[in-house]
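The chain contents come next:
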Amino acid sequence: MEEDTEYLKLPIEDRCVHKLWKARLSGYEECAKNFPKIADERSPEFSKFAPLMKKFVTDSNAVAQEKALDAVFAFVENAHVAGRTAGEVTSGIVQKCLAAPKRGTQEKAMEVLLMYCEIEKYEVVQEELTKGFTQKNPKVVAGCVRALSTALREFGPKVINPKPLMKQMHTLLEDRDKNVREEGKKLMVEMYRWIGQALKPQMSSLKPVQVQELEAEFEKLGSEKVVQTRFLRSQQELKAKMEAQGDEDGEEDEEDQVDVPVIDPLDLMEAVNILVKLPKDFYEKVEAKKWQERKEAMEILQPLTQNPKLEAGDYNDLMKALKKIINKDTNVMIVAQAGLCVAGLAKGLRKKFSPYAVSFTEVILAKFKEKKTNVVSAMREAIDAVFQTTTLEAIQETVSEALANKNPSVKAETTGFLARALCYCTPAVLNKKMLKALTADLLRGLGESDPTVRDNSCEALGVMLKVVGEKQIMVFIADVDNLKMQKIKEAAEKVELKVKVAAPKAKKPAATKKEAPKPTSESSSGPPKVVRGGARPGSAAAATGKKPPGKGTKGGGGAGGGGGPAIDECKEAEISTEEAQEKAAEILSEDILSGITDANWKVRMTAVESFIVTTKELDRKDIPTQALVRILAQKPGFKDNNFQVLKLRLEALKHLAENSDFTRRSGEVCIQELVERLGDPKNGSLCGEVLVAMAEAAQLQWVGPEVMTRAFQQKSPKVQECALKWLADTITEFGFVLQPKALIGDIKKALAHTNPGVRTAGITLCGTIYLYMGPTLRVFFEDEKASLLQLIDAEFERLNGQSPPVPTRGIQHGGSQDRDGDEDDTVDARPATINVQDMVPRVNINEQLTSALFSELADKNWKVRTEALQKLSNILSEAKFIKGDIGELPAALCARMNDTNKNLALEAIKLTACVATALGPHCKPHTRTIVPGMLTAMGDSKQNIRQQAMSTLNMWVDQAGLKETVDGEVFADALKSGSPYLKAELFQWMAEKLKDAPPKSVNKEELHACTQYLFMALEDRNADVRKSANEAVLPFMIHMGYEGMVRHVSKVKPSSKNTVMQALEKAKPSLPAKPQPKVKVSATGSAGRGAPGERQSSAGGGGGGGAGRGGTPTGKKGLRAPSASRTGVSGRKDTEDVDTSPLLQVNGLKQQRGLDEQRLRVLRWDFSTPRQEFITQLRDQMTTAGMNRQLVANMFHQDFKFHIKAIDALNEDLGVNLPACIANLDLILKWLTIRFFDTNPSVIMKAMDYLQQVFQCVSNDEYHLQDFEASSFLPFLVMKFGDPKDSIRGPARNIAKLICNIYPASKVFPYMMEGLKAKNARQRAECLEAIGSLIEVYGMSVCQPSPAVALKEIARQIADRDNSVRNAALNSLVQVYFREGEKVFKLVGNLSDKDMSLLEERIKRAAKNRPVIRKPAEVPEVPTVRGGGGAAGGRPNRVIPTAAQPAPTLVRDRETGAGDQSSVLKRYGFKGPQQQQQQQQQSGSNPFNFDYGLLEKLLEDNSPTVQVKVEEIPDLASILNYKPVYPTLSTRVARPGFSSIGRPATATSQIETEGAAQAINMVISQVGTPDANTVITALSQLDEVLGSEERAIQLAPHVDQLLIVATLQYRLVLNTKMANLNVNKEECVRIYRSLTNCLMMVFNNKQLGTRATRDVLRDVVHVLIHILLDPRLSQLEDGPQIIRAINVLVVRIVEKAQFTHVFSALLKLLHQSVESGGGCKFTELVMKCNWKVIRILQARNNDLDLDQILLDIHNFLVAYPVSTWSERPSDTPLRTIKTVIYTLCKVYGTTILNHFSKIDNVKGSELHKYLSKTLKKPKLEDDGGQGDSNRLAAAQISNDSADSGKSPKRLSKSAHNTLSEIFRKIGSKENTKEGLIQLYDFKLKHPEADIEPFLRKSSQFFQNYIERGLKRVEMERQAESKAATTTPACENGTNSAGPLASIQVPDTANFNMNELVDQFRAIATRAGFGNTYIDTAVKNIYSTEKESLGDIGGDINEYLKTLHTDFPEGHTKDQYASHDK
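What you see is a predicted model, and the numbers here were worked out from it, not measured in a lab.

Undergrad: Where do I start with the overall build of the chain in this structure?
TA: Helix and strand counts for the chain come out as 96 helices and 5 strands. In the chain, buried positions account for 52% of the 2021 residues. Contacts spanning at least 24 positions in sequence make up 75% of the contacts within the chain whose residues lie at least 6 apart. Put simply, the chain shows about 93900 Å² of open surface, and 50% of that area lies on carbon and sulfur atoms.

Okay, here's the thing in structure tokens:
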């Protein structure tokens, strides 16, 4: 007994190999128990037992063997390493288990085999079982067959391949053992269950008896549906789906079941090579003259072709022979046999026959003219077989030609063939393009006289009808009469389709497999890009399986092997000079040919000019390019000494290169001379342009190396320098398509040159290549001198971070291509993606990495290891770039990175970084081996080692990619046993990398494995570890999701859960915005449904019923628990990926996106082809906007079908979710512009249809398109105007018209003008047509920047080569003529005689159909007040009202009559007061909303109109002074401007008033134009009107309009012109000056200033403050004066505007500035404005609507309660609001509590509390309501005043306030005298007081006035002496805050002289002065005013000059603050 139990003390692994069977049995039992308990499938425990598995299954003891199989099963099910043991374990089972005597052993062995299949090792299992067929023991053979049958039954033929088994079936069924035969028969039956009839052809080798038995068994099966019952680990999703289907009630259609794999019988057959079986004389017999020999050859061939599967080979000769027989042989029997041979070949070769299909189709269809039945039937069989090898699209043209054949037999058979062929087509094949072509041909057949043709045509149309549906085809056959349509429909009913067509069935989401396509990082239509880091998985080259361009091909021009696409061999033959002259003589005259070589340069010049004119008139195909180039190159050729002649020759050559079939043969003639001329100072640049044109025509891969080779053969360094610069520029245009090796050699030659210019050019070229190759390029120049390396590094540093430009040339190679063809579906000719890493020459160092070197690396002696590392370093430095075959080097380096010798470890880490650089992307396979060493080094105690390890890891990630580096649970293993140093460093590194990593760029499994260690680190004892872990929580959550991380919390200790959850909750709000989580739906009515139910809700678009339980489906009883658990995890993951949120979310992020783009925070949506960064940016924006994840995935899928699916989804959502569409319209438009670059026309047409619906819907909703939306869409829409398909151009035109409903036509116009610059003639013509339509509908006001400029550009198009462009240009000008009459000839400028004659003729022709505006014979000219103000050419402005032809107007929905003003305002986007208030309360993110398209919207008018012809900007003064000439009609004048309210038709005075109003509207509209001269002229006329009180009153209704347009112009200058370096800043200053002067005059007028409304004032003050803060303005010469003037204007607005409006506007501005962040300069300025209001509150309280002000204060306090201000850096805004409340309480007292009418629930609010608290306090010192505001101002200015060393003694606060009050009285009309007396008394009382600072800021006139007043007071009191001399000016009140303090400049700049004179007269009269004295004094006052201010109503310059004199030198405007007048 003691011996029996001794083994229990041994370890389990020792027991399993013990010699006692009981010991082994005990070990096996322990293994079977322990293996399922190990949670980690990668546990080392499994690795210990892996080598023992074969011994387990081959145990000699039967009892132990049975237990051993249980242990093996547990091992295979749970161990990650189990796959490695599959081969040996299966072999052992075959030998020892399948034939075991115990039944239990056999069953358990079977379970083990099936489990191996489940873990994806089915191929190994099948191979080993098949080997078992050769065993001598029949029981083993039977067991192997039985195992295969079981595996096939459970897994299906996709896992167990039937094909290898078919070869063994004959042997098994012939076996002598009965059991083997029976098992073989069962295996055959099982195969028949799965593959059906495909098995029967393989049974031909069996005996008839066996076949009969098998067929009997087959019949017993019936129609049983086979279903896979066991699934691989990778098929768990399919498993869950099957289980869900099994639980559903009711039967489902076959289509809804899991697809059963369809096995093609041919796949099970062996291919036959018939070519080797043909006799040697076969082809001789085929060509024989005797028909008997030809017939004999066909009889030999025909049986061979009947083999069902033929081996691929070279069938070219055989196909040629058969084609010749069918086409030309006269013997019909041979032709028929040849047809049958072709049919057999097509069936046998299948898709391999496709290269011959098109040519045979043409021959066979033509042969249908034969009437012999045997020939026709053979041809039918042949054409049907041929069609199966090709596509309908490939043979469509051939079929169309046959249908046009005159022979009725050919037509009849062709239509019959077409009807049969269409039965094999799907709707995807019969797209719109195909339908259009085929229906056109077949409709002609319906009218044929031959009844067979008619019937077959009907049948073919019927098939098409059934395939695509009636809706799709009726578009093309709508005109067919009823009788024929009835026949077509009857034919459609009889058709039996050969393929399944997806019919619109009832959707069953449970059976629909919802795919979650992976988002692609590249658009299929994107431009060719350069990949620096190597080929990425899934790249275009990898996906298509195509060989990367350039590999294995020979480069041209000595470029060597490597990078760019191969250069095609030039097929054009070289011609001699004589041949060239003969060809040229056919198109050139003798004078030209002789003149080109003439000795006289003038003759040569004339000849070359004639040459150019002649060639330009030729079509591309008619130009003999090589001949003409040789003519041009004839002596003196391109060495012509006369630079003018040479220039013409070069231009002629350039024209040939761009507009003819220019090949390398033509280039070889002239390239040498062109290179020599590159250094020519006069024609060198033109030579470069010619070479670029040649490169585009003949490929840069040839031209580039040729230029460099020939340039370095020249002695002139200038030529070499220019050649290098030319190549650098050309590479940026063409992309990097050259071979880098030779290019680098050329650069090295340049760097070694003695000329500095050549060296500099070489460095520039080197920098250009750096953009494409990156830092890799630096390695090639390490051998250069240090000085050169420094220059190269400086160039690289300058370009670091920049991306290579998008190629703009070379997209279509080959000069013979039709660049403007009509085919849209041609193959994309753009170069493939260039992988720069493939260009780098790499060295294989595997031979140098010997075993001896690795032994030295592992040596015990550190010196030996050091030497080995040095050797390795030398190998790498010599090779520079190495191949991926580096043997055991990664493992050796990994060991050395953790060397005990720290110096060695540091060197090993550095060497690993070198290996990463040398390997490049080839380092990916070695990641799992080498990264653990880096991670361990990151945990070293030495900081320098940790830093180096971090740097090396970053370098490895740069080369291999983050996803490949963070893989294989390497990081989790490191964190598991790592030191605190490692955890701190690694979590910090992961936080940085994961934060910026794109979605799905990291393995989530690896992050899940690391999460538990992250949670543990949150409570680590080490503070650095805790800090790093906390920083990593959010990056982990970004990739795993909050829910994904919460799942891991259950694994945390209970005591730690609170800490972990707090960290997760803290990070959760910072997650990027995502769609709302899906709504859980009750399981009512869907019991038993799991994941499929959820898919159903997703397919429904969110929400509907039918969703099942949220839990995962449980496994069936027969399935084992571990597999079921894995299924649950997979099911949960699939459930998470389903997004049931709405497609689009309503949010307010659009404005922020617009601001980000305007401020260049993101890329502007402007490109020639969409680059990857644009696509990535758009995708990120869509994700942030909360768009549905599935929708976004479909939008950016590689397959165009998903794009169509996305558009369909958006289309369906449009009708029910229009607000969300509007909120995300900019993103949708941007995505559709990317689709415009797709090559698939169906996507583009779908997009066009959707766009038309979108713009129609948003137009009906009265939405106004924003500028940034238009700028990101319109340029690309204009681009589609040039599409070759009319089905795309037509919708594009309609979309452009619809856009004019929601966007100003004047802003659409410039995009159309930009389209005129395109090379595409079709696009130019369409743009011109659109321009003509805009002018016709909207008038001349749309022409931007001015009609003259626009029309000159349009007139240039009359000379275009393309006829359609010319016609469109003429039509546009005709529309101008209809509008402007004869003036059109003046606007178009100077035209050539030819063009002018065309225009006149077109106008004359058009005038016959439409009357033209004629000028009246006598028009009274309106005199002007100012001579030609703003008129061109010195002529006076005049208005000529004439009855015009009414222009077509865009019909919009009319509301009511003209009197309904509210409806008009609503239509134009205005809102009533209540709506405005609601909108202001709701608008959060963008407080300053202003519709820049408002002016254009106001141009629209629905009432009948009369046109007024205005030649120039009208002189407003003349209009107001003189009675204008009105037409007799009783309608309004329609001109650009603001609409006015309708007037009665009677009352002449009202007519005149409205005429003036319309004129004012016209002038105000001119203020908003971009043209500076127009703006200044219009403002000067407004100034004239404002200068007269009588006329100024007419501006009263237009004040808001004027302020809106002025604000628009201010913003235009601030945001656009000031930022544009090309705009003269003096122009900006002029506009600022004129606008400021005009607004100053408006607010000086009491009747006008009070008309401004609150919102308009808010916009005005907002833009003025932004101008004050513009640092660019202060840098201009006149900038400080403009700033002072705007300061004065702001003060004037505060003082003169309606007090409630301005007070409310400023409070709203303060609210919104705090909302946007506060604490900025803008907020400070707004507060200062509010302080100014506080100061004047007491004087203006009668004008105040207290209810409105209290509402604004209440809104502020609700939005920003007092409790929240402690977290803000400054509470000054809150203190300002409190000061306002305090002042209001002081002014109004307790009556303020009666003004809460506009506030709901006021009691309990902070406003009510603060008011009550303030009213309870005793009254403070009377400081004029300035208490807190003065203290705030004092706090602001205390710093500067403290620094002022020369300030005199400051006044006390009460004295300062008294003095301020005195000056207010002096400035008022009623209290002037009283103020002067008080000032005099004050000076007596305070002789030390200095009033100079108060006076200094006023004008000289005001100072003189006060001085005279004081003298008069002194005289009246008979004072004895003058007041004490004032002390020097103090600087008290300065403010260093820039323009902030100067906002309080007193009211002195535009002093009202009339009021002042009235005051003076009253004072003088009371003082007793006579009238004579008073009149004289008044004259003096006016003269003084003239001297000081000049004509303030005229030019603002004079006014600013006087301001300049008000401020002494050395003092800024900011030094005068806090003072009043």
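Resuming the write-up.
Undergrad: What is the right way to read helix 79 (residues 1625–1644) from this model?
TA: Within an α-helix, residues lying three or four positions from one another point in the same direction, as the helix has 3.6 residues per turn. With 20 residues, helix 79 should reach 28 Å at 1.5 Å per residue; the first-to-last C-alpha distance of 28 Å fits that figure. Among the 20 residues of helix 79, 15 are classified as buried, and the element is accordingly described as predominantly covered. Taking the backbone nitrogen of Glu1626 as reference, a side-chain oxygen 3.1 Å away marks Asn1624 as the first, capping residue of helix 79.

Undergrad: Quick question: what am I supposed to make of the environment of Asn1794 here?
TA: For Asn1794, the location among the structural elements is in the loop between helix 87 (1772–1788) and helix 88 (1806–1816). In this structure Asn1794 comes out as exposed when scored by relative accessible area, which is 64%.

Undergrad: Quick question: what am I supposed to make of unusual backbone geometry here?
TA: For the peptide bond that leads from Lys635 to Pro636, omega is 5°, which places it in the cis range. Checked against the element boundaries, Pro636 lands in the loop between helix 30 (625–632) and helix 31 (643–659). For the bond from Gln1344 to Pro1345, the omega torsion is 0°, close enough to zero to count as cis. Tracing the backbone through its elements, the reader meets Pro1345 in the loop between helix 66 (1321–1338) and helix 67 (1347–1356). In this model, Glu120 sits at a positive phi of 80°, which is unusual for a non-glycine residue.

Undergrad: Just checking my understanding: could you explain the packing of aromatic side chains for this structure?
TA: Taken as a whole, this structure holds 27 aromatic pairs when the rule is applied. When the ring of Trp1165 is compared with that of Phe1174, the centres are 5.7 Å apart and the planes differ by 90°; the resulting orientation is edge-to-face. The exposure class of Trp1165 is buried, given its relative accessible area of 3%. Arranged with centres 6.1 Å apart and planes meeting at 70°, the rings of Phe1237 and Phe1276 form a pair that is edge-to-face. With Phe1237 in the loop between helix 60 (1225–1235) and helix 61 (1241–1260) and Phe1276 in helix 63 (residues 1274–1280), this pair connects stretches of sequence that are 39 residues apart. There is no split in this pair, since Phe1237 and Phe1276 are both buried. Three or more aromatic residues joined by ring pairs form one cluster here, namely Trp1165, Phe1167, Phe1174, Phe1237 and Phe1276. It is Lys682 that lies over the ring of Phe643; its NZ or CZ is 4.0 Å from the centre. Between the NZ or CZ atom of Lys749 and the centre of the ring of Phe712, over which it lies, the distance is 5.7 Å.

Undergrad: Would you mind going over helix 84 (residues 1699–1715) with me for this structure?
TA: Taking 1.5 Å as the rise per residue, helix 84 with 17 residues should run 24 Å; its terminal C-alpha atoms sit 24 Å apart, in good agreement. Burial analysis of helix 84 places 15 of its 17 residues in the buried class, the great majority of the element.

Undergrad: Explanation requested: the packing of helix 30 against helix 31 in the structure shown.
TA: Two measures define how a pair of helices packs: the angle their axes make with one another and the distance between the axes. With their axes 11 Å apart at the nearest point, helix 30 and helix 31 run at an angle of 170° to one another. Judged on the interaxial angle alone, helix 31 and helix 30 are roughly antiparallel. Here Leu628, Val629 and Leu632 of helix 30 lie close against helix 31, whose contacting residues are Arg649, Ala652, Leu653 and Leu656. Split into classes, the residues belonging to the contact of helix 30 with helix 31 amount to 6 nonpolar, no polar and 1 charged.

Undergrad: Hey, could you run me through a negative patch on the surface in this one?
TA: A cluster of acidic residues, Glu578, Glu579, Glu582 and Glu586, forms a negative patch on the protein surface. As for its position among the elements, Glu578 is in helix 27 (residues 577–585).

Undergrad: Explanation requested: the pattern of salt bridges in the structure shown.
TA: Opposite charge on two side chains lets them pair, provided their charged atoms get close. Counting across every chain of the model gives 74 salt bridges. In this structure, Glu574 and Arg630 form a salt bridge, with 3.3 Å as the shortest nitrogen-oxygen distance. With Glu574 in the loop between helix 26 (540–544) and helix 27 and Arg630 in helix 30, this residue pair connects regions lying 56 residues apart in the sequence. Judged by relative accessible area, Glu574 falls into the exposed class, the value being 57%. Taking relative accessible area as the criterion, Arg630 reaches 15% and is therefore assigned buried.

Undergrad: Can you walk me through the side chain of Gln228 in this structure?
TA: By the element assignment, Gln228 lies in the loop between helix 12 (208–221) and helix 13 (236–247). A polar side-chain atom of Gln228 sits 3.4 Å from the main-chain carbonyl oxygen of Phe155.

Undergrad: Mind showing me how you'd approach the confidence of the model for the chain here?
TA: The predicted coordinates ought not to be read in detail in places where the model reports low pLDDT. Per-residue pLDDT for the chain has a mean of 75; in total, 76% of the residues score no lower than 70. Low confidence marks residues 504–564, where pLDDT is under 50. Its contacts with residues over four positions away, or in another chain, come to 130 contacts. Note that residues 813–834 has pLDDT below 50 and, in this model, 55 contacts with residues that lie over four places away or in other chains.

Undergrad: Is there a simple way to explain the environment of Val1337 in this structure?
TA: With respect to the helices, strands and loops of the structure, Val1337 is situated in helix 66. Overall, the relative accessible area of 22% leaves Val1337 in the partly exposed class. Sequence spacing of Val1337 and Gln1375 is 38 residues, and the spatial spacing of their C-alpha atoms is 9.5 Å.

Undergrad: Would you take a moment to explain the side chain of Asp1678 for this structure?
TA: Relative to the elements of secondary structure, Asp1678 occurs in the loop between helix 82 (1671–1674) and helix 83 (1679–1696). We classify Asp1678 as buried; its relative accessible area is 19%.

Undergrad: What am I meant to see in the packing of helix 85 (residues 1721–1736) against helix 87 here?
TA: Packing of helix 85 against helix 87 brings their axes to within 10 Å, and their N-to-C directions diverge by 10°. Taken together, the axes of helix 85 and helix 87 are roughly parallel relative to one another. On the side of helix 85, the interface is formed by Thr1723, Met1727, Asn1730, Trp1731 and Ile1734, while helix 87 contributes Thr1772, Pro1773, Thr1776, Thr1779, Val1780 and Thr1783. For the contact of helix 85 with helix 87, the per-class residue count stands at 5 nonpolar, 6 polar and no charged.

Undergrad: Looking at this structure, I do not really get the environment of Gln228. What am I missing?
TA: Assessed through its relative accessible area of 15%, Gln228 is described here as buried. Gln228 sits 74 residues away from Glu154 along the chain, and the two C-alpha atoms are 5.7 Å apart. Within the local environment of Gln228, its side chain forms a polar contact with the backbone oxygen of Arg230, the two atoms lying 2.8 Å apart.

Cut-off values and rules
Residues numbered from 1 in each chain as written. Predicted model: local features only at pLDDT ≥ 70, side-chain atom pairs only at ≥ 80, totals over all residues. Heavy atoms only, no water. Helix = DSSP H or I, 4+ residues; strand = E, 2+ residues; numbered from the N terminus. Buried < 20%, exposed > 50% of the residue type's maximum accessible area, 1.4 Å probe, protein only. Contact = heavy atoms within 4.5 Å. Areas by Shrake-Rupley, 256 points an atom, 1.4 Å probe, with all protein chains shown as cover. Expected span 1.5 Å × (residues − 1). Polar contact = N/O pair within 3.5 Å; in protein donor to acceptor, adjacent residues only side chain to side chain. Phe/Tyr/Trp six-rings, centres within 6.5 Å; stacked < 30°, edge-to-face > 60°. Lys NZ or Arg CZ within 6 Å of the ring centre and 35° of its normal. Axes fitted to C-alpha atoms, helices over the stretch in contact; angles between N-to-C directions. Parallel < 35°, antiparallel > 145°, perpendicular 65-115°, else oblique. Nonpolar A, V, L, I, M, F, W, Y, C, P; charged D, E, K, R; others polar. Patch = residues over 30% accessible without salt bridge, like charges linked within 9 Å, V, L, I, M, F, W, Y side chains within 5 Å. Salt bridge = Lys/Arg side-chain N within 4 Å of Asp/Glu carboxyl O. Lys, Arg positive; Asp, Glu negative; His and termini not counted. Charge placed at Lys NZ, Arg CZ, Asp CG, Glu CD. pLDDT = per-residue confidence, 0-100.

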